[in-house]
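Below, each chain spelled out in residue letters.
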Amino acid sequence: MRSLHAALLLALLSLGGGAAARDSDAGTVQVKGIKNPETHSYRAIAAGLDIFESRHALAPGVPQLLFQARTRNGKLLDAALLNGAADGEPLGAVLAGDEGYALRLALDEAGRFQVPRSQPALDADAELRLSKKRSDVRVWPYVRSPGLPANQRRLGDIRLECQVFVAIAKKEAPLHIVLLGNTVMLGSDWCAFMKDADRAWDVAMNDLPAAAVLREGERSTPLRVKGHKVEVPIGDTSWGNEAIVETTSTSKAAAP
């Protein structure tokens, strides 16, 4: 049976068209001349912030929810795309909405940024827009407890990332797509469905893993590796939130 993971959720939600385009004439939006930039409604982002706060116990050591611009399949962006050497436009992020509302967001060197709570953004029906094409980048939740080596991820962090990802996606999808997802995922908690080798959540690692293992105390189990991703059974409640996904690699790990 084929693994079910983030790619499946993306495919399912794409049936509903994803975030609605705001240009009714061309069916596209533009950011500084960039056609079809990566966009998300602020209301959807706010739904992700809500889930982060309500389920913060999954990752209590993470002070705030961040987002990160990565490739569509979760890989880190290369420096040329981040700094604009590839296309002449450095990566940028802005909340933009009605009546000229605009709030630029600060990005770090890895393309990570915080989206603040903002009633004005809600009132302006704002969107989060990146200055890169949707075909090149995607906004991903970023939840990482401090102090871990680059080749380790805490299971609770990964679980919370999934919850935020799904909350945002559901907010942007039409109701019939959400109901279809509930049917496919056997309930409204889609992340809980990812509980075994055949129903796993794909976690994009910063290096190119040769192998991966899930560890907790004296217990461990190998995990399937596909390219730069590791399949993690985040819905298996026999593993606690402090369990660690650890990879080994023949290449040097990149900064998280």
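Everything discussed here concerns the structure shown above.
The numbering scheme is per chain: residues are counted from 1 as the chain's sequence reads. Per-residue local features are limited, in this predicted model, to residues with pLDDT of at least 70; the limit for side-chain atom pairs, both in listing and counting, is 80 or more; totals at the level of whole chains, interfaces and linings are taken over all residues. Think of the side-chain values as coming from all heavy atoms in the structure, minus any hydrogens and water.

Undergrad: I'd like a rundown of the overall build of the protein chain, residues and numbers included.
TA: Per the secondary structure count, the protein chain includes 6 helices and 16 strands. Partitioning the contacts of the protein chain with sequence separation of at least 6, the portion at a separation of at least 24 is 72%. Put simply, the protein chain shows about 12,000 Å² of open surface, and 53% of that area lies on carbon and sulfur atoms. Only runs of H or I of at least four residues qualify as helices and only runs of E of at least two qualify as strands under DSSP, and these elements are numbered from the N terminus. Contacts: residue pairs with any heavy atoms within 4.5 Å of one another. Areas reported as accessible are Shrake-Rupley estimates using a 1.4 Å probe. Residue values count occlusion only from the protein chains shown.

Undergrad: I'd like a description of unusual backbone geometry, backed by residues and values.
TA: Positive phi is not limited to glycine here, since Glu 99 has a value of about 55°. Position of Glu 99 among the secondary structure elements: in the loop between β5 (93-96) and β6 (102-105). Exposure is judged per residue with a 1.4 Å probe applied to protein chains only, and the accessible area is read against the type maximum: over 50% gives exposed, under 20% gives buried, and values in between give partly exposed. Relative accessible area serves as the criterion here: at 82%, Glu 99 is assigned to the exposed category. The phi dihedral of Asp 125 falls on the positive side, at around 50°, and the residue is not glycine. For Asp 125, a relative accessible area of 36% corresponds to the partly exposed category.

Undergrad: Give me the pattern of salt bridges: which residues, what numbers.
TA: Put simply, a salt bridge is a Lys or Arg side-chain nitrogen that is within 4 Å of an Asp or Glu carboxyl oxygen. As enumerated under the stated definition, the model contains 16 salt bridges in all. One salt bridge in this structure joins Arg 134 and Glu 38, with 3.9 Å as the shortest N-O distance. Here Arg 134 is found in the loop between β8 (127-133) and β9 (138-142), whereas its partner Glu 38 is found in strand β3 (residues 37-41), with 96 residues between them in sequence. The exposure class assigned to Arg 134 is partly exposed, which follows from its relative accessible area of 27%. Since its relative accessible area comes to 2%, Glu 38 is described here as buried. Note that Glu 231 and Arg 224 form a salt bridge whose closest N and O atoms lie 3.2 Å from each other. By sharing partners, the salt bridges in this structure join Asp 202, Arg 224, Lys 226 and Glu 231 into a single network.

Undergrad: Break down the sheet that holds β6 for me, with residues and values.
TA: DSSP-based pairing: two strands are paired if at least 2 bridges between them are found. As summarised here, the arrangement of the 4 strands in space is β3-β8-β5-β6, forming an open sheet in which the pairing is antiparallel. Each edge of the open sheet is held by one strand with a lone partner, namely β3 and β6. Neighbour-to-neighbour, the strand axes of this sheet turn through a mean angle of 25°, independent of strand direction. Pairing of β5 with β8 involves 4 bridges; the strand directions are antiparallel. In the sheet register, Ala 96 faces β8, and the bridge partner there is Glu 127. Inter-axis angles, ranging from 0 to 180 degrees, are taken between N-to-C directions of lines fitted to C-alpha atoms, where helices are fitted over the stretch in contact. Lying on the sheet, helix α2 (residues 42-54) is in contact with β3, β5 and β8; it crosses β3 at an angle near 65°.

Undergrad: Provide a residue-level description of the nonpolar core, including the pertinent values.
TA: To define a nonpolar core, start from buried Ala, Val, Leu, Ile, Met, Phe, Trp, Tyr and Cys residues and group those joined through side-chain atoms within 4.5 Å. Ranked by internal contacts, the top residues of the largest apolar core, which has 35 residues, are Phe 67, Leu 95, Phe 113, Val 115 and Leu 128. Elements that contribute at least two residues to this core include exactly α2, β4 (66-70), α3 (79-83), β5, β8 and α5 (155-172). Residues within four places of Val 115 in sequence aside, it is in contact with Tyr 42, Ile 45, Leu 49, Phe 67, Leu 95, Leu 105 and Leu 128. By size, the runner-up hydrophobic cluster in this structure holds 23 residues, among which are Leu 155, Ile 158, Val 166 and Val 232.

None of this, on its own, says anything about what the molecule does.
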